[in-house]
Amino acid sequence: MAPNGPLSGVTIVDLSRILAGPYCTHLAAELGARVIKVETPQGDDARQYGPFKNGKSIYFASINRGKESIALDLKTKGDRDIFERLLDKADSIVENFRPGTMERLGYGWDTLHPRYPRLIYAAASGFGHTGPYSHYPSYDMVVQGLGGIMSITGTPGGNLVRVGTSVGDLAGGLYTTIALNAALYHRERTGEATKIDVALFDCQLALLENAIMRYTTTGEIPGPMGARHPSITPFEAFATKDGHIIIAAGNDGLYVKLVQALGRPDLADNPLFTTNPLRNQHQAALKVEIEGVLKGGTTDHWIAVLEKAGVPCGPVNNVAQALAHPQTEARNMLVEVDDPVTGPLQLAGNPLKLSAFPDPHTRPPAPNLDADRAKILKELGL
């Protein structure tokens, strides 16, 4: 079911559910791995999340396409036997249970590693397998709040704002995928399998980028800054006659090009704005000067002017506009899925482009619950 890719021949037994773990295995499937999704008889909770089409969750379909499904109750002997036969053939197991769950089932790393010495164990959890919070339950919103990212999102003085995508879960999935690929490479070189322990909380801290450096260097606690960059000016969204434009003048040379293109070369020599530190210090005053010009023309007009001048810029697109952008089609970032339940779907493509492997315009659908039981049992000789 998986497309041809660098992970072709790799089999992953996927116990994960909802988003962080399934996003990891989604990326692995996009890279060619065979992903066997082991669900409870009730199925992944994400099967109950909307939107729905013909009764099937598109939320679930979007990150579980191209996988296989078998429903197993790991508290019963017969299903445990099936599961252990799957592990015999697997390269990796991926799970995102609360720490301790797999140990209670008898399938923790310390138990599995002696029995399956080549099996890579990848765990993604809210707080990881060590530390005082390791056994706390967690969802995306919890780690967005605890990890600090919500505190720097939104506008100064405004209400708390969640990041517009599930960055807590998605970051956990991405980092787990990176670690999984590194562990596969390590095993190929040394024969040694490893345990991967990724905490969504840790991932939020890693994504804080310059907020951590600003705090540890200056002692000032960063806060939300709206649509501006904390340390580069002008580098934000500006109002035009009919909307907004992003302008990213990341160095002094680009700043000079910008003000010249705007017909305000005097701003290059203004002593308040001659260097980036000065522009940061006087950001509000500079924004007034720039918007005073931009509000005289449309967004499209100014994009044409600034692109001609070599200044990085762009509109603030909504989702429909982003998907309609010609670069989206050129990069195959909207792929077709012909699902027998929902009918045709358009879902996000694979951003990982590799010259040695094709990037087809179509993908296989997400499986119905337990859809591949007969096929899998036959392979296992059952």
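Source: prediction; values computed, not measured.

J.: What's the story with empty space enclosed by the protein in this structure? I'm lost.
T.: Where empty space is left becomes clear once a probe the size of a water molecule has been rolled over the atoms. For the structure on display, the rule yields two cavities of 30 Å³ or more. N4, E30, N350, L352 and P358 are, among the 15 residues lining the largest cavity, the residues nearest its centre. Across the lining of the largest cavity, the residue classes tally to eight nonpolar, three polar and four charged.

J.: Would you take a moment to explain the pattern of salt bridges for this structure?
T.: Two side chains that carry opposite charge are able to pair once their charged atoms sit near each other. As enumerated under the stated definition, the model contains 22 salt bridges in all. When the shortest N-O distance is used, the salt bridge between D339 and K56 registers 2.7 Å. Here D339, found in strand β12 (residues 334–339), pairs with K56, found in strand β4 (residues 56–57); they are 283 residues apart in sequence, far enough to count as distant. A residue is classified by how much of its surface remains accessible, and K56, at 7% relative accessible area, is buried. The partner of D140 in a salt bridge is R162, and the shortest N-O contact between them spans 3.9 Å. A residue pair is termed long-range when its members are at least 10 positions apart, and D140 in helix α6 (residues 140–146) and R162 in the loop between α6 and α7 (167–190) qualify at 22 residues. In the salt-bridge network here, residues are joined through shared partners; they are E30, R65, K353, D359 and R363.

J.: Sorry if this is basic, but what is going on with unusual backbone geometry here?
T.: Among all residues except glycine, the phi angle is most often negative; among peptide bonds, the trans geometry is most common. Following G50, the chain continues to P51 via a peptide bond in cis, the omega torsion being 5°. Secondary-structure assignment places P51 in the loop between β2 (34–39) and β3 (52–53). Cis geometry marks the peptide bond from T233 to P234; its omega dihedral reads -5°. Its place among the elements puts P234 in the loop between α9 (210–218) and β9 (235–239). Even without being a glycine, N54 presents a positive backbone phi close to 55°. Note that N54 resides in the loop between β3 and β4. Non-glycine residue D370 carries a positive phi angle of around 70°. Within the secondary structure, D370 is located in the loop between β14 (362–363) and α17 (373–379).

J.: What am I meant to see in the side chain of D91 here?
T.: Secondary-structure assignment places D91 in the loop between α3 (77–89) and β6 (92–95). A distance of 2.8 Å separates polar atoms of two side chains, one belonging to D91 and the other to R187. When neighbours within four sequence positions are excluded, D91 is seen to be in contact with G9, V10, T11, R118, L119, I120, L184 and R187.

Parameters and conventions
- Residues numbered from 1 in each chain as written.
- Predicted model: local features only at pLDDT ≥ 70, side-chain atom pairs only at ≥ 80, totals over all residues.
- Heavy atoms only, no water.
- 1 Å grid on protein atoms, 1.4 Å probe; cavity = no way out; pocket = protein on both sides within 12 Å on 5 of 7 lines; lining within 4 Å.
- Points joined across faces, edges and corners; volume = space filled by probe spheres on them.
- Nonpolar A, V, L, I, M, F, W, Y, C, P; charged D, E, K, R; others polar.
- Salt bridge = Lys/Arg side-chain N within 4 Å of Asp/Glu carboxyl O.
- Helix = DSSP H or I, 4+ residues; strand = E, 2+ residues; numbered from the N terminus.
- Buried < 20%, exposed > 50% of the residue type's maximum accessible area, 1.4 Å probe, protein only.
- Polar contact = N/O pair within 3.5 Å; in protein donor to acceptor, adjacent residues only side chain to side chain.
- Contact = heavy atoms within 4.5 Å.

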